[in-house]
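Observations on chain architecture
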Amino acid sequence: MAEFNMHILVCGGIGCKASQSELIKTNFKSLLNEYGLADEIQVLLTGCFGICGKGPVVKILPDNTFYTQVTPEDVAEIVDEHIIKGRKVEHLLYKDPVTNEPVIDSNGTNVYKKQIRIALRNCGFINPEDIEEYIGRDGYSALGDCLTVKTPDEVIRIIKDSGLRGRGGGGFPTGLKWELTRKAVSDQKYVVCNADEGDPGAFMDRSVLEGDPHSVLESMAICGYCIGADKGLIYIRAEYPLAIERLKIAINQAREYGLLGDDILGTGFNFDVEIRYGAGAFVCGEETALIHSMEGKRGEPSVKPPFPAEKGYNGKPTNVNNVETFANIPVIINKGAKWFSSIGTAHSKGTKVFALAGNINNVGLIEVPMGITLREIIYDIGGGIKDGREFKAVQTGGPSGGCLTKSFLDTPIDYDNLLAAGSMMGSGGMIVLDDSNCMVAIARFYLEFTLDESCGKCTPCRIGNKRLHEILVKITEGEGKPEDLNRLRMLSNVIKDTSLCGLGQTSPNPVLSTLDNFHDEYLAHVTSSSCPAGQCKALVHYTIDNEKCTGCTLCFRNCTVGAISGEKRGPHYIDQTLCIKCGVCFEKCKFDAVLIG
Amino acid sequence: MNKIKNRADLRKLQSEVQSKIRLREDVNHPGNVVQIKVSMSTCGIASGAKETMNFFTSELNHQGIDALVTQTGCMGYCYAEPTIELTIPGALPVVYGFVNRTKALEIIEKHIKLNEMVDGIIPVTYSTIEI
């Protein structure tokens, strides 16, 4: 049996693979074979290291040497110098981006790790169905601390000093919210956890509840202690069966262990949590609509004030916080406000969890400190754009947010900067778009979503969005007029100004933001009836370049509607009257002979 | 389980759990075992994490290898599901991505039995705060 004493890890992530990392691996293997070292040193292909901008990456164990931008030709030097003579190849070493010094031993340093897990600290680490594993990770010690040695006002002070802001999207200071609910006078108060995560492509809250449900329960109890509530409610959508199941297990275990229920930890404090199911209406993520839905009424928002802190569930003072907000609380109590506020930017503290989706290589759940740039997220964590295409925009904030373009790639991400850039933090969905995405179609997609999800209570949202959507459909079908662009803007502003709740007030954001950032693309649709990205089917037609066509018949054989004709080895043609613009011929052609016009 | 009646009880349980984990990871302790954590959140399960977990349990059992197979939440590498974390006593945990039956068997045969890593390791791209 071979006993390897050294490992060479070659990154096999998509980015590095594109720059010949497989050849690098082969070169290592054959060279080690030549030296007779194949039994001592193992060469492995790994997943993505996340610093794709500096790829291909090679890491050598056990000395934790981190080489970047390695070419297949560099392999000989690494083997001769590092492996044989034990001298590190300095010019290939990863350089610290701040000091620009080569990093000799990457162990223990997180130089290339841009992510810090706070809210996700236990996700993927503990068994979510075993309360003892949570307790082993300091679980419920923050609650114990608060109940035995801290007054509610002291706890609220810590949360306020930490600078934690609501992670559901609005960014309201959490400590202030708790204080307002604490000040309200009533015989009964409630703590509500908003787990009605509805943005398309967002799954942060689901992941927290599935991976670490106790952190939310613990925080809700802490919140109950602070505001003077003995009842907590989790409003979660029925579409999250696994999260619900794990929450139920967690609640039962916590009761069994005496961490929920009466006289918690012998302090006389009572607190229990119940689950309430939502039917998946987007508007129920809005706190007043959520409360109405929990009361068994229609999930419609109502005018604020009164805020839930004064008059919420059953007319009693209610504190509503999002799942991720709660997940941060125990750590803040345990490690202190100062520690937490040392992470992030001036007005946005801590980290934010994002669900990275769309045309990006490493789709995933990430947690990054506030103030990180989009460029770092996309290229250093996300592994870059799929298929080597060009970055176009990132949609943040879901249907209420907007698009961030190339010019915002280096803007530090926090609540205020995103608002200033015409988007918003939102709950953390981040959809990456490339040059094959038509921005008018994107705006139309989000409008379709809000149209479906509008509760219909107020006119601007119910009818305004319908009209807005109609105009967008017209434009994407090539029937738009230049004056439609002004109409879009005017109507959007009216809807924003006159809608009742957050859903309506923000629903035109995707339209306004794409109009601002991609005006040329809208113009192309309405003036020359063309879709530059080639996504709007009505505006696209496929033709075959006679010169390039080899007559391989591949397109002919794959066309589902028989729109392509032509002789074998002779040029082929597309009958525009039959073509349904499915794009199969374009995808299948190996000679780039199919053109999109 | 007796109820945790006060803060001292909670601390006691916490240190019990922690020392249990330390023992499990202590290379010199006879009770230490190979640990496999399977990322079982919705995204993992949708990509076949349940089958992977069942396979590990039955195959390790079948081969008479003492191991602790548990489930955990999302590790964040949704693009590479199913993902697992393997800890051999005395060694640092290693994360593998795209672990289907074939990969799982390779991991058992090579990494668990011969202590030889195999292709498909996912480098950890984040740091988790110290608890």
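Scroll up for the structure.
Heads up: these notes are all about the structure in this document. Note that the structure is predicted; figures quoted are calculated from it, not measured. (Residues numbered from 1 in each chain as written. Chains lettered and ligands numbered in written order. Predicted model: local features only at pLDDT ≥ 70, side-chain atom pairs only at ≥ 80, totals over all residues.)

1. Describing the pairing of strand β9 (residues 269-278) of chain A
All names here are of chain A. Pairing geometry for strand β7 (residues 231-237) and β9, over seven bridges, is parallel. Residue pairing across strands places I234 opposite I275, the latter belonging to β9. Note that strand β8 (residues 261-264) and β9 share two bridges and pair antiparallel. Of the residues in β9, the one forming a bridge with I264 is F269. In this antiparallel pair of consecutive strands, β8 and β9, the connection spans four residues, and L265 shows a positive phi of 55°. (Pairing = 2+ DSSP bridges. Helix = DSSP H or I, 4+ residues; strand = E, 2+ residues; numbered from the N terminus.)

2. What about the packing of helix α7 (residues 174-183) of chain A against helix α9 (residues 213-227) of chain A?
Residues and elements named next belong to chain A. The geometry of α7 relative to α9 is characterised by a closest axis approach of 8 Å and an angle of 45° between their N-to-C directions. The orientation of α7 relative to α9 falls into the category oblique. Seen from α7, the contacting residues are W178, T181 and R182; seen from α9, they are C223, C226 and I227. Its residues assigned to classes, the contact of α7 with α9 comprises four nonpolar, one polar and one charged. (Axes fitted to C-alpha atoms, helices over the stretch in contact; angles between N-to-C directions. Parallel < 35°, antiparallel > 145°, perpendicular 65-115°, else oblique. Contact = placed C-beta atoms within 7 Å. Nonpolar A, V, L, I, M, F, W, Y, C, P; charged D, E, K, R; others polar.)

3. A short note on the packing of helix α6 (residues 152-162) of chain A against α7 of chain A
Residues and elements named next belong to chain A. Where α6 meets α7, the axes come as close as 7 Å, and the angle between the chain directions of the two elements is 150°. By the angle between their directions, the pair α6 and α7 is classed as roughly antiparallel. The hand of the α6/α7 crossing is left-handed. Residues P152, I156, I159 and K160 of α6 form the contact with α7, whose participating residues are T174, G175, L176, W178, E179 and R182. Tallied by class, the residues present in the contact of α6 with α7 amount to five nonpolar, two polar and three charged. (Left-handed = near helix turned anticlockwise from the far one by under 90°.)

4. Topic: unusual backbone geometry
Residues and elements named next belong to chain A. The omega angle of the peptide bond from K304 to P305 is -5°, so this bond is cis rather than trans. The peptide bond linking P305 to P306 adopts the cis configuration, its omega dihedral lying at 5°. Turning to its location among the elements, P306 is positioned in the loop between α11 (287-294) and β10 (318-322). Although it is not a glycine, T553 sits at a positive phi angle of roughly 70°. Take T553: it is sitting in the loop between β16 (542-544) and α22 (554-558).

5. Describing helix α14 (residues 374-381) of chain A
All names here are of chain A. Burial analysis of α14 places seven of its eight residues in the buried class, which makes it a mostly covered element. For α14, the complete set of buried residues consists of L374, E376, I377, I378, Y379, D380 and I381. Its buried side turned inward, α14 meets β5 (115-117), β12 (364-369), β13 (391-396), β14 (402-405) and β15 (429-434). Where α14 ends, the next residue or the one after it, G383, has phi of about 75°, a positive value. (Buried ≥ 20, exposed ≤ 12 C-beta atoms within 10 Å, placed from the backbone.)

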